[in-house]
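So you can see what is in the structure, the chains are spelled out below.
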Amino acid sequence: MLELRPNCELCDCDLPPEATNARICSYECTFCADCVENILENVCPNCGGEFVPRPIRPATARRAGTSRAHQPPSDKRRSLRHDMDNVKALVAATKDIPPADR
């Protein structure tokens, strides 16, 4: 089950569980669509992978035991562990490699 992290790791904007602008990589690193598109160029600065839209966990249980009330999102905010020079270097070296070939 996804952790549903509450913020963008780069700009720290809030990404509530119903946010349609949340993006994640296969390790659940979480960023906003603006940072992914305009700064990271679809390269995760932590793993080098690609981003996809984060699914929205239902607020209402349509099936027993399956909702945000039953599996609440994380409240632990995270921030990027790499400095921007390092991030820019990784993005520049990786952005033109198709995600399947990274």
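In short, a report on the structure.

## Details of the overall build of the chain
Reasoning step 1: Check the secondary structure of the chain and you find two helices and three strands.
Reasoning step 2: Each helix and strand of the chain, placed in order from N terminus to C terminus, yields the pattern β-β-α-β-α.
Reasoning step 3: Dimensions of the chain, computed from C-alpha atoms along their principal axes, come out at roughly 45 × 25 × 20 Å.
Reasoning step 4: Looking at the chain residue by residue over its 102 residues, the buried ones come to 35%.
Reasoning step 5: Taking all contacts inside the chain whose residues are at least 6 apart in sequence as the whole, residues at least 24 apart take part in 57%.
Reasoning step 6: Entry remark: accessible area of the chain is about 6100 Å², with carbon and sulfur atoms responsible for 50%.
Reasoning step 7: Of the side-chain charges in the chain, 14 are positive and 15 negative, and the distance between the mean point of each set is 7 Å.

## Some remarks on the nonpolar core
Reasoning step 1: By size, the foremost hydrophobic cluster in this structure holds 17 residues, and its most contacted members are Cys8, Leu15, Phe31, Leu40 and Phe51.
Reasoning step 2: Put simply, the parts of the chain that give this core at least two residues each are β2 (30–32), α1 (33–38) and α2 (84–94).

## A word on the sheet that holds β2
Reasoning step 1: The three strands lie next to each other as β2-β1-β3, forming an open sheet whose pairing is antiparallel. Of all the strands in the sheet, just β2 and β3 (52–53) have a single pairing partner and so form its edges.
Reasoning step 2: Here three bridges tie strand β1 (residues 22–24) to β2, and the two strands are oriented antiparallel to one another. Within the sheet, the bridge partner assigned to Ala22 lies in β2 and is Cys32.

## A word on the packing of aromatic side chains
Reasoning step 1: For the coordinates displayed, the defined rule picks out one aromatic pair.
Reasoning step 2: Ring geometry for Phe31 against Phe51: centres 5.4 Å apart, planes inclined by 75°, an arrangement best described as edge-to-face. Linking Phe31 in strand β2 with Phe51 in the loop between α1 and β3, this pair joins segments that are 20 residues apart in sequence. Each member of the pair Phe31 and Phe51 is classed as buried.

## Overview of the environment of Pro72
Reasoning step 1: Considering the arrangement of structural elements, one finds Pro72 in the loop between β3 and α2.
Reasoning step 2: In this structure Pro72 comes out as exposed when scored by relative accessible area, which is 56%.
Reasoning step 3: Counting along the chain gives 55 residues from Pro72 to Pro17, while the straight-line C-alpha distance between them is 9.0 Å.

## What to know about the environment of Ile39
Reasoning step 1: Positionally, Ile39 belongs in the loop between α1 and β3.
Reasoning step 2: A sequence separation of 58 residues divides Ile39 from Ile97, and the C-alpha atoms of the two residues are 16 Å apart.
Reasoning step 3: Those residues in contact with Ile39 that sit more than four places away from it in its chain are Leu10, Asp34, Met84 and Val91.

## Concerning α2
Reasoning step 1: Among all positions in α2, only Val87, Val91 and Thr94 are buried. The arc enclosing the buried residues of α2, seen along the axis, measures out at 80°, which places them on a common side. Summarising the geometry of α2, the exposed residues directed more than 90 degrees from the buried face are Asp85, Lys88, Ala92 and Ala93.
Reasoning step 2: Backbone nitrogen of Asp85 and a side-chain oxygen of the N-cap are separated by 3.1 Å at the start of α2; the cap is Asp83.

## A look at the side chain of Ser74
Reasoning step 1: Tracing the backbone through its elements, the reader meets Ser74 in the loop between β3 and α2.
Reasoning step 2: In this structure Ser74 touches Glu3, Leu4, Arg5 and Pro6, once residues within four positions along its chain are discounted.

Calculation notes
- Residues numbered from 1 in each chain as written.
- Predicted model: local features only at pLDDT ≥ 70, side-chain atom pairs only at ≥ 80, totals over all residues.
- Heavy atoms only, no water.
- Helix = DSSP H or I, 4+ residues; strand = E, 2+ residues; numbered from the N terminus.
- Buried < 20%, exposed > 50% of the residue type's maximum accessible area, 1.4 Å probe, protein only.
- Contact = heavy atoms within 4.5 Å.
- Areas by Shrake-Rupley, 256 points an atom, 1.4 Å probe, with all protein chains shown as cover.
- Lys, Arg positive; Asp, Glu negative; His and termini not counted.
- Charge placed at Lys NZ, Arg CZ, Asp CG, Glu CD.
- Core = buried A, V, L, I, M, F, W, Y, C linked by side-chain atoms within 4.5 Å.
- Pairing = 2+ DSSP bridges.
- Phe/Tyr/Trp six-rings, centres within 6.5 Å; stacked < 30°, edge-to-face > 60°.
- Arc of directions from axis to C-beta.
- Polar contact = N/O pair within 3.5 Å; in protein donor to acceptor, adjacent residues only side chain to side chain.

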